[in-house]
Amino acid sequence: MAIPRTRHILTLGNVPAEFLDSAASLWRADEVNQAMSTGQSVLLLVDQDSTGPAEYIKTLQDLDRHGIPVGIIPHARNSSSIGQLSRLLDEETIRVDLSRCRFRLTESPEANLPTAPYALRRARHDDPVSVAEDLDADLLVLQGHAGPVDAGFGKWLTLCSRPLHRSGHSPVFPCFGTDRCFRQELHGRSALSTAGLFNPADLTPSLVVIDGCGTLPAPGSIFRYETSIARSVMASRVRAAVLTHGVSAAPLSALIVFLGSLASGYTLGEAVREANQHGQASHSPTSIAGSSVAPWGVVGNPEVRVVGLPVREVPVRPARQGVECEVTAQHLDAQFGGIVSLVGLPQNSGPFDVTCHDRRWARGLLSPGGRAYLWLSGCGAPPRRKPEANVTLSLSPRPAESTAPWRRRAKWIQVGKVLLGRMAETCAERGGPGDSLRTLVSLWDEVTGSVERVALAATPLRQQYLAPPLASLTAGLTARIRELDRTTARTVAAVAPTVGARVSRLWSPPWISQGPACVTEPCPCGCAIVGTVRRHPLWDLARVELRCPACGPVGDVPAHALPGPRGAMLLAPAVTGGPAQRAVRAGTTVTWRVRRQGGEDADGFVSASLFDPYRQHQVRVDVRSIEPLSTVDLAVEVPDDWPAGLSQAVIVVAAGGALAFLDFDLMVTSEVPRGVVGKISSQSAGPLAEGLARRSGAAELQAADGAGGMPAL
């Protein structure tokens, strides 16, 4: 059980005095704008018009270094009200009914198995009636493909903030200000259809979790708060929300530790911190360096407690292989199942495989303190005998796995063919030019055997033979691979409007997250780019996913090794780059810079594509050569008649059979784009806030790296 914390309000930007005073009074704050220290809970008031993304992210990282749970209240001049503060801050508990908890996780196959709890596998019920039932829940958890202004959770539920768009303002999406929706055609409906579209301002659950990329946009980014899901949620009847910074790909286990922490009596801010720490420990992709503040963030009171989620503590006992325990079957709800907390596990034990003797669904995770949370379904497999009163679970040590050694280039060609094949399938489904990709796969197939024979020739036995150097025998093959790389870069850029900018979803099998990568290049917005190493599950290959906490995904590229401290090797992106700015005017020329940092010694080739969400307009930069450890600038002319709003861009780099993708959003406007607002040094404060500040003996926000605070890491 968490101990009481000092309540501390921090402000960023020009938060009005009356708004700050109301928040301090409703939340019963002890301090305002003081030095951060351990033992605190922070409510962060963020003015959206006068705060930059780098300042915002740095503040969250400072809070994380002090281990502080944090709640966020966005403020905007034309949309914030004291009534919103009263709904979000005035009460200390949220009560939920177990039968009114719903989870619609479209990105989690494990959650949607037929044996999973009924309340969890709601994404299997993709119809208007079940969606309406879920939107009326007490606790609603949504996971799917999202962005700051819209989020999709199946064919019949798309949260869309288009009603916030005002005539005369530059649109975020080209469909804003029209009767069309470019998402509808992806579901086989007319662009004029309104089926499945839902205004998030109409949400009514007491607690809602919207787990998708960027549902809580950083202030000052190209996605403005005025037309965001976050603003809609602030205007809804939701009493607390968990939204996401940048890229979010939370595993099912993060949700389990979140629910287990809430059921164990943790506050909402502490439960989100626990879930984020688990996500970081399991190397799930995020777009901010830190654990407790990203990617999930609380919008509302971080000290609120959720009542109504039961958890059962169950001791474990030694077994012939591992440990086992028993759970009383009557404690498991028919639809929700139940969450159990296993106590007594040996320190540093695991990893384990978990099985139920009656074959019911069970998923969970180990915590560093020797405890495990498990979520069990309410019933097991169809019984062949009378159901037992107790459910027996076994945790057995997981056997070690091994992989076979393969030469790097042969492996990249193999996984590249899988990616190109899935691209071709996607093109065919969407009526695009899939034949060119299938032809490309055939061309790579023709050289695969030769590449593998060369790879096998480089064995220890080769030194016993008298033969010319291997390079002299493979000159023709090297030239052919070079031409295929050139063709691949051009072809993939051409089909990008059909396939989409986020091609990482096409890798198969899924690549496993393996921790952070070494990334030194910042994003043009000023934030530090975060990289996550992802390894192929069978072969010795690694990629780096690049993300900006404010701008979202920026790349999916091969990794290369760098020498680290004390002889260690660090993995870093082999290709980096992107635009100098994210907001441009139609009719101008912009420059996209691409750098090859390392990786394959072979020459590479670059091609690029810019396209609008409707995929009706495309600008291509044809293939350019790029050598190892070199830079190429791509000049892109944005036509005068390009539609205003969000566009997407993909840069394709092919080198030695390895593919790299840089993808980013570009905001095109007919007016001069606004720059990112700089840091505001002054701060207005009302009488109550000033009194709290004087009582603590400080007037500014500063990181407490000395006495009373946790040292910065």
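In this report, the structure presented in the accompanying data block is examined. These numbers come from a predicted model, not from an experiment.

So, how was this worked out
Residues numbered from 1 in each chain as written. Predicted model: local features only at pLDDT ≥ 70, side-chain atom pairs only at ≥ 80, totals over all residues. Heavy atoms only, no water. Helix = DSSP H or I, 4+ residues; strand = E, 2+ residues; numbered from the N terminus. Buried < 20%, exposed > 50% of the residue type's maximum accessible area, 1.4 Å probe, protein only. Contact = heavy atoms within 4.5 Å. Areas by Shrake-Rupley, 256 points an atom, 1.4 Å probe, with all protein chains shown as cover. Salt bridge = Lys/Arg side-chain N within 4 Å of Asp/Glu carboxyl O. Pairing = 2+ DSSP bridges. Axes fitted to C-alpha atoms, helices over the stretch in contact; angles between N-to-C directions.

Each helix and strand counted, the protein has 12 helices and 36 strands in total. Burial analysis of the protein (713 residues in total) assigns 55% to the buried set. Taking the intrachain contacts of the protein between residues at least 6 apart in sequence as the baseline, contacts between residues at least 24 apart amount to 73%. Accessible surface computed for the protein: about 29,900 Å², of which carbon and sulfur atoms make up 52%.

What follows concerns the pattern of salt bridges. Following the criterion strictly, the structure yields 31 salt bridges and no others. With its nearest N and O atoms 3.1 Å apart, the salt bridge here joins glutamate 91 to arginine 239. Within this pair, whereas glutamate 91 is found in the loop between helix H3 (82–89) and strand S5 (93–95), its partner arginine 239 is found in the loop between helix H5 (229–235) and strand S13 (240–244), the two being separated by 148 residues in sequence. Residue classification places glutamate 91 among the partly exposed positions, given a relative accessible area of 46%. A cluster of three or more residues bridged by salt bridges with shared partners is formed by Arg102, Arg104, Arg122, Glu133 and Asp134.

Attention now goes to the sheet that holds strand S1 (residues 6–12). With mixed pairing, 9 strands are arranged side by side in an open sheet as S2-S1-S3-S4-S14-S13-S12-S7-S6. Edge positions in the open sheet fall to strand S2 (31–32) and strand S6 (101–105), since each of these has one partner strand only. Against the sheet, helix H2 (residues 53–65) engages S1, strand S3 (40–47) and strand S4 (70–75), with an angle of about 175° to S3. The sheet strands contacting H3 are S3, S4, S13 and strand S14 (296–299), and the helix crosses S4 at an angle near 165°.

Here the focus is the pairing of strand S19 (residues 338–343). Burial of S19 is extensive: 5 of the 6 residues sit out of reach of the surface. Looking at chain direction, strand S16 (residues 311–315) and S19 are connected through 5 bridges and run parallel. Across the sheet, the residue bridging to valine 311 is isoleucine 339, located in S19. With 5 bridges connecting them, S19 and strand S22 (residues 372–376) associate as antiparallel partners. The residue of S22 that forms the bridge with valine 340 is leucine 374.

Here the residue pair serine 508 and proline 509 is connected by a cis peptide bond, since its omega of 0° sits within 30 degrees of zero. Residue placement: proline 509 occurs in the loop between helix H11 (475–499) and strand S24 (512–516). Phi at arginine 28 is positive, roughly 55°, even though this residue is not glycine. Position of arginine 28 relative to the elements: it lies in the loop between helix H1 (17–27) and S2. Judged by relative accessible area, which is 42%, arginine 28 ranks as partly exposed.

Distances and angles like these do not, on their own, reveal function.
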